[in-house]
Amino acid sequence: MQDKIETIGNGSIIQHGQLNQRVYLMKLDKKDCPTIIQEINDLARKNGYTKIFCKIPAYAAPQFLSNGFLPEAQIPAFFGNKESAFFVSKFLSSDRLLNIETDRLSDLSKMLEESNTAPAPDKIEVPNVTVRRLDKEDSQRITEIYREVFITYPFPIYNPGFILKSIENGTQYYGAVTEGQLVALASAEVDVQGKNAEMTDFATLPQHRGRKLSVLLLNSIEKEMKKQGIKTLYTIARLNSIGMNKTFLKLNYCYSGTLIKNTHIAGKIESMNVLYKHI
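In this report, the structure presented in the accompanying data block is examined. (Residues numbered from 1 in each chain as written. Predicted model: local features only at pLDDT ≥ 70, side-chain atom pairs only at ≥ 80, totals over all residues. Heavy atoms only, no water.)

A short note on the sheet that holds strand S5 (residues 70-79)
The strands making up a sheet are joined through hydrogen bonds of the backbone, oriented either antiparallel or parallel.
Link 1 in the chain: Read from one edge to the other, the open sheet built from six strands follows the order S1-S2-S3-S4-S6-S5, with strand pairing classed as mixed. Looking at the sheet topology across the chains shown, the edges are occupied by strand S1 (4-8) and S5. On average, adjacent strands in this sheet sit at an angle of 20° to one another, irrespective of strand direction.
Link 2 in the chain: One ladder, built from seven bridges, connects strand S4 (residues 51-57) with strand S6 (residues 83-91); its direction is antiparallel. Of the residues in S6, the one forming a bridge with Ile56 is Phe86. (Pairing = 2+ DSSP bridges. Helix = DSSP H or I, 4+ residues; strand = E, 2+ residues; numbered from the N terminus. Axes fitted to C-alpha atoms, helices over the stretch in contact; angles between N-to-C directions.)

This is how it looks when you write it as structure tokens:
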């Protein structure tokens, strides 16, 4: 039961469906503002979704906020290294705000207080592990790892066809390899025009956890993004994943906000943290 990704209006991109119980405005075309607000409101109510989540440029924020959307996170200098991005949401059911992971929010607060402010290491190495960029020939192995690691995921990463299409559309996958075997991976969803990239889809096979492979991958991908002229990196990480949040904080990412009950992952709808870094 995967949600659909569709292009609407003049080129805006949305994801919606019963899995995440939401509409996610992933990319806003300037010509679609403000008419798209009513369109996604209607779509959500028609399908009984309980949340509308939008990633929008700063110029559009007043229109959304005046329509009942709430700001949940913000990243400065996001679009073209100039304009901020706002992550705004509208909750269409009080149930979506129940049973928030308050214990994890408390853990996050402690992590932020204790986070190391020292410069991130320029080079990270793990014995007998190398990182390489993956290509279409790796798509089957990529999906196998995702199937083993994630019970559910908000995008159809278990489908080799989806992985192939995402590579064609500019998503870059990187893998950690040991003894010739791919054992961990991550991706960068690159917006060349906007000069930003989402660091996402981190997965490590259970038997290789504890080796700092996520830190190794993140550090390696950052270097590649810098070579490609990307200025802003960000992630939407599970609030419940202490290890993943620590990985980004260790490399000096800034916490920007928590998206309440936002994403169906690992078997249920969870809250997510937004973290970012300018490079």
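On we go from here.
Observations regarding the pattern of salt bridges
Link 1 in the chain: Scanning all chains against the criterion turns up 12 salt bridges.
Link 2 in the chain: Taking the shortest distance from any N to any O, the salt bridge between Glu224 and Lys227 comes out at 3.5 Å. Residue Glu224 and its partner Lys227 are both found in helix H6 (residues 213-227); the two are separated by three residues, about one turn of the helix.
Link 3 in the chain: For Glu224, a relative accessible area of 26% gives the class partly exposed.
Link 4 in the chain: Look at the salt bridges and you will find they share partners, linking Arg238, Lys268 and Glu270 into a network. (Salt bridge = Lys/Arg side-chain N within 4 Å of Asp/Glu carboxyl O. Buried < 20%, exposed > 50% of the residue type's maximum accessible area, 1.4 Å probe, protein only.)

Comments concerning the packing of H6 against helix H7 (residues 242-250)
Link 1 in the chain: In contact at an axis separation of 10 Å, H6 and H7 are set at 40° when each is read in the N-to-C sense. One way to sum up the angle between H6 and H7 is to call them oblique. In the crossing of H6 with H7, the sense of the turn from one axis to the other is right-handed. For the pair H6 and H7, contact is made by Ser214, Val215 and Leu218 and by Met244, Thr247, Phe248 and Lys250, respectively.
Link 2 in the chain: Classifying every residue of the contact of H6 with H7 gives four nonpolar, two polar and one charged. (Parallel < 35°, antiparallel > 145°, perpendicular 65-115°, else oblique. Left-handed = near helix turned anticlockwise from the far one by under 90°. Contact = heavy atoms within 4.5 Å. Nonpolar A, V, L, I, M, F, W, Y, C, P; charged D, E, K, R; others polar.)

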